[in-house]
Amino acid sequence: LGDYLDECRTRGILTVRIIHGKRTGTLRRIVHAALDRRGDVESYGLAPDRSGWGATLVTLSSPD
């Protein structure tokens, strides 16, 4: 996940959808914990569309 987000920032992709599925929520919690540890994540939240709690939308800060 970290490498993917780093590459997105390098390429100027600052809004990212991470699909973690809906099952038990374990993977969602792992993804959210990883996002909490990153300094370049401006915000994140569950997708407001039909993917709902099966995907997280992330906003990254622009690279310097």
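Before reading on, note that the structure itself is shown above.
This is a predicted model, so every value here is computed, not measured. Along each chain, numbering runs from 1 in the same order as the chain's sequence is written. Restriction of local features to residues with pLDDT of at least 70 applies here, the model being predicted, together with a cutoff of 80 or more for giving and counting side-chain atom pairs; totals for whole chains, interfaces and linings are based on all residues. Heavy atoms from the whole structure form the basis of all side-chain values; hydrogens and water molecules are not counted.

**Q** Would you explain the nonpolar core in this entry?
**A** In summary, soluble globular proteins display a tendency toward joint burial of nonpolar side chains. To form a nonpolar core, buried Ala, Val, Leu, Ile, Met, Phe, Trp, Tyr and Cys residues must be joined to one another through side-chain atoms within 4.5 Å. Burial classification: accessible surface area is computed with a 1.4 Å probe over protein chains only, and a residue below 20% of its type maximum counts as buried, one above 50% as exposed, and the rest as partly exposed. Membership of the largest hydrophobic core is limited to nine residues, which are Leu5, Cys8, Val16, Ile18, Val31, Leu35, Val41, Val58 and Leu60. Those elements giving two or more residues to this core turn out to be helix 1 (2-10), strand 1 (15-19), helix 2 (26-36) and strand 3 (55-60). Should any heavy atoms of two residues lie within 4.5 Å, those residues are counted as being in contact. If we skip the residues at most four places from it in the chain, Val41 touches Leu35, Val58, Thr59 and Leu60. Under the scheme used here, helices are H or I runs from DSSP no shorter than 4 residues and strands are E runs no shorter than 2 residues, and both carry numbers assigned from the N terminus.

**Q** Please explain the sheet that holds strand 2 (residues 41-46) as it appears in this structure.
**A** Note on sheets: strands pair through backbone hydrogen bonds, and any given pair is parallel or antiparallel. The sheet built from three strands is open, its strands ordered 1-3-2 with antiparallel pairing. Whereas interior strands pair on both sides, the edge strands pair on one side only; in this sheet they are strand 1 and strand 2. Going across the sheet, the axis of each strand differs from the next one's by a mean of 20 degrees, ignoring polarity. Here strand 2 runs beside strand 3; their pairing, made up of five bridges, is antiparallel. Bridging across to strand 3, Gly45 finds its partner in Leu57. Strands are treated as partners if at least two bridges between them are detected by DSSP. Every axis corresponds to a line fitted to the C-alpha atoms, with the helix fit spanning only the stretch in contact, and the corresponding angles, defined between N-to-C directions, vary from 0 to 180 degrees.

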